[in-house]
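Here is what each chain is made of, one letter per residue.
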Amino acid sequence: MNNLGNDINRLLTALWEAVGAGANFVELPGGLGPYLTPAVVDELEDIDAALEANPIF
Amino acid sequence: MVRDFNGMGSIPTALQSFIDDVVVMVNWSDLEASDQNFTGTGWTKIDNAKSLGTVKIRLRIMAGRHAPQFVKDIGGTGGVTVTNAFDNVTGTVPRWWLPAVIAQYEELLDEVKSRYDNYMGNNILIREIVASGAMTIYAEPFFRSHNHGVSNQNLIAEGLTFADDLAAHTDILSAHQTKFNTIRTSIAVNPWEKMAPSSPPNYSMTSLSDTTSFLNTQRSSMGVELVLQNNGLRDTSYPAAIGSVYEYIEGANPPKGFQNRNHEQPGQ
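Note that this is a predicted model, so its numbers are computed, not measured.

Reading the values: the criteria
- Residues numbered from 1 in each chain as written.
- Chains lettered and ligands numbered in written order.
- Predicted model: local features only at pLDDT ≥ 70, side-chain atom pairs only at ≥ 80, totals over all residues.
- Heavy atoms only, no water.
- Helix = DSSP H or I, 4+ residues; strand = E, 2+ residues; numbered from the N terminus.
- Rg over C-alpha atoms; globule rule 2.2 N^0.38 Å.
- Buried < 20%, exposed > 50% of the residue type's maximum accessible area, 1.4 Å probe, protein only.
- Contact = heavy atoms within 4.5 Å.
- Areas by Shrake-Rupley, 256 points an atom, 1.4 Å probe, with all protein chains shown as cover.
- Salt bridge = Lys/Arg side-chain N within 4 Å of Asp/Glu carboxyl O.
- Buried area = accessible area lost by both parts, 1.4 Å probe.
- Polar contact = N/O pair within 3.5 Å; in protein donor to acceptor, adjacent residues only side chain to side chain.
- Axes fitted to C-alpha atoms, helices over the stretch in contact; angles between N-to-C directions.
- Parallel < 35°, antiparallel > 145°, perpendicular 65-115°, else oblique.
- Left-handed = near helix turned anticlockwise from the far one by under 90°.
- Nonpolar A, V, L, I, M, F, W, Y, C, P; charged D, E, K, R; others polar.
- Core = buried A, V, L, I, M, F, W, Y, C linked by side-chain atoms within 4.5 Å.
- Pairing = 2+ DSSP bridges.

**Points about the overall build of chain B**
Now for step 1: On a plain count of helices and strands, chain B comes out with seven helices and 11 strands.
Now for step 2: For chain B, whose C-alpha radius of gyration is 18 Å, the value lies close to the compact-globule estimate of 18 Å for 268 residues.
Now for step 3: If you line up chain B on its principal axes, its C-alpha atoms span 55 × 50 × 35 Å.
Now for step 4: Expressed as a percentage of the 268 residues in chain B, the buried residues total 54%.
Now for step 5: In chain B, the share of contacts with a sequence separation of at least 24, taken over all contacts with a separation of at least 6, comes to 67%.

In structure tokens, the structure reads:
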């Protein structure tokens, strides 16, 4: 992934915005492996928990 | 949460506890080698995702430039050349608005249904299928070329009108609804790029209101079986501007979801 820099933070921001818009799900880009620090994983889990508050069924 | 799978391998361990679905993106040409010959590597890609266990599949079949050649040859030799002005990706696409092309798309859906019918109902494997029959370059079927004048002239020369486009979208969603009672249909929401033969240099105009009017009508019959999605989320999408795609989706009833704009540049 070129040009990522600190953009994992921008991704997380965008995902939170999706949650705020009432999304039932979000698609994560592939290739995130190298950016999955414990802090990032924790935040993704928080996002997932928020998404679960808007179940799709 | 969903992860783009696309045949890239297993889900990273750190994500496994909260990934419910994977997106499997396959080319139509990799599912149907020739008319009624449903062979190709696309089926293997779907089956590989099945091996992930409990996760469900959101199936994204790429029609448009990834349709088989025999489909592109319907209504004329070869497809219609379209360039996406956004990224200059060029391909030849079928005349998707012709009933004979839509009939081929429906036959593909029939094959998908026949292969995975055992996984429907309470044991759903494929949770959702993207309505991509009217796509050109990407599975965002309200876009045509991002206002690429030459491409739109090509489409107009082949006979495309907004009435044709509207009818094609209607028929495609009707086919999904009819065939997949327990598998939802997803469609990417964007302003409709309508052909405008008298409007050089782009020969098109964009209209979000036509998209939303169409989708509201479809949802009145499909209800929660029609998932609204936008594939262009970025960290500057919000607060949603009045009259924007995001405002529409934010105000729409569920189910709905988002995808980041660029797989190579998360967050951008």
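This is not the end of the story, as more comes after the structure.
**Structural notes on the overall build of chain A**
Now for step 1: Scanning chain A from N- to C-terminus turns up two helices and one strand.
Now for step 2: From first element to last, N terminus to C terminus, chain A shows the α and β order α-β-α.
Now for step 3: Classification of the 57 residues of chain A by burial places 47% in the buried group.
Now for step 4: Long-range pairs, those at least 24 residues apart, make up 82% of the contacts in chain A between residues at least 6 apart in sequence.
Now for step 5: Of the roughly 2600 Å² of accessible surface on chain A, a fraction of 50% belongs to carbon and sulfur atoms.

**Here we look at the pattern of salt bridges**
All names here are of chain B.
Now for step 1: Enumeration according to the criterion identifies 11 salt bridges over all chains in this entry.
Now for step 2: Note that Arg58 and Asp21 form a salt bridge whose closest N and O atoms lie 2.7 Å from each other. Of this pair, Arg58 sits in strand β3 (residues 56–62) while Asp21 sits in strand β2 (residues 21–27); the two residues are 37 residues apart in sequence, bridging distant segments of the chain. There is no split in this pair, since Arg58 and Asp21 are both buried.
Now for step 3: Put simply, Glu158 and Arg95 hold a salt bridge, and the shortest N to O gap is 2.9 Å. Of the two residues, Glu158 sits in the loop between α4 (149–157) and α5 (162–179) while Arg95 sits in the loop between β5 (89–93) and α3 (99–116), which places them 63 residues apart along the sequence.
Now for step 4: Its relative accessible area of 35% is what places Glu158 among the partly exposed residues.
Now for step 5: A cluster of three or more residues bridged by salt bridges with shared partners is formed by Asp21, Arg58, Arg127 and Glu128.

**Quick look at the interface of chain B and chain A**
Now for step 1: Contact residues are listed per partner, giving 39 residues for chain B and 35 residues for chain A.
Now for step 2: In total, about 3100 Å² of surface goes out of reach between chain B and chain A, with carbon and sulfur atoms giving 61% of it.
Now for step 3: Summed over the shared surface of chain B and chain A, the result is two salt bridges.
Now for step 4: We note a salt bridge from Arg10 of chain A to Asp235 of chain B, for which the minimum N-O separation is 2.8 Å.
Now for step 5: One can count seven residue pairs in polar contact (both at pLDDT 80 or more) joining chain B with chain A.

**A few points about the environment of Glu128 of chain B**
All names here are of chain B.
Now for step 1: Note that Glu128 resides in strand β6 (residues 126–130).
Now for step 2: A sequence separation of 27 residues divides Glu128 from Leu155, and the C-alpha atoms of the two residues are 30 Å apart.
Now for step 3: Side-chain polar atoms of Glu128 contact the side chain of Ser186, separated by 3.3 Å.

**So, the packing of α3 of chain B against α5 of chain B**
All names here are of chain B.
Now for step 1: Closest axis-to-axis distance for the α3/α5 pair is 10 Å, and the angle between their directions is 20°. The angle between the axes of α3 and α5 places the two elements in the roughly parallel class. In the packing of α3 onto α5, the handedness of the crossing is right-handed. Residue-level contacts link Ile102, Tyr105, Glu106, Leu109, Asp110 and Lys113 of α3 to Ala168, Asp171, Ile172, Ala175, His176 and Lys179 of α5.
Now for step 2: Class assignment for the residues of the contact of α3 with α5 results in six nonpolar, one polar and five charged.

**Some points on the nonpolar core**
Now for step 1: Residues Leu44 of chain A together with Leu59 of chain B are the most contacted members of the largest nonpolar core, which totals 89 residues.
Now for step 2: Not counting chain neighbours up to four residues away, the residues in contact with Leu59 of chain B comprise Val24, Val26, Ile46, Val112, Ile126, Glu128, Ile129 and Val130 of chain B.

**Here we look at the pairing of strand β4 (residues 80–84) of chain B**
Residue and element names in this part refer to chain B.
Now for step 1: With four of its five residues buried, β4 lies for the most part within the structure.
Now for step 2: Bridge analysis of β4 against β5 gives five bridges, and the strand direction is antiparallel. Among the inter-strand pairings, Thr83 is bridged to a residue of β5, identified as Thr90.

**Some words on unusual backbone geometry**
Residue and element names in this part refer to chain B.
Now for step 1: Residue Pro239 is bonded to the preceding Tyr238 through a cis peptide linkage, with omega at 0°.
Now for step 2: Mapped onto the elements, Pro239 comes out in the loop between β10 (226–233) and α7 (245–251).
Now for step 3: A cis amide bond links Pro254 to the next residue, Pro255, at an omega of 5°.
Now for step 4: Relative to the assigned elements, Pro255 resides in the loop between α7 and β11 (256–260).
Now for step 5: Phi angles above zero are rare outside glycine, and Gln36 is one such case at about 70°.
Now for step 6: Of the residues examined, Gln36 reaches a relative accessible area of 47% and is grouped as partly exposed.
Now for step 7: Phi is positive for Asn88, close to 65°, though the residue is something other than glycine.
Now for step 8: Positionally, Asn88 belongs in the loop between β4 and β5.

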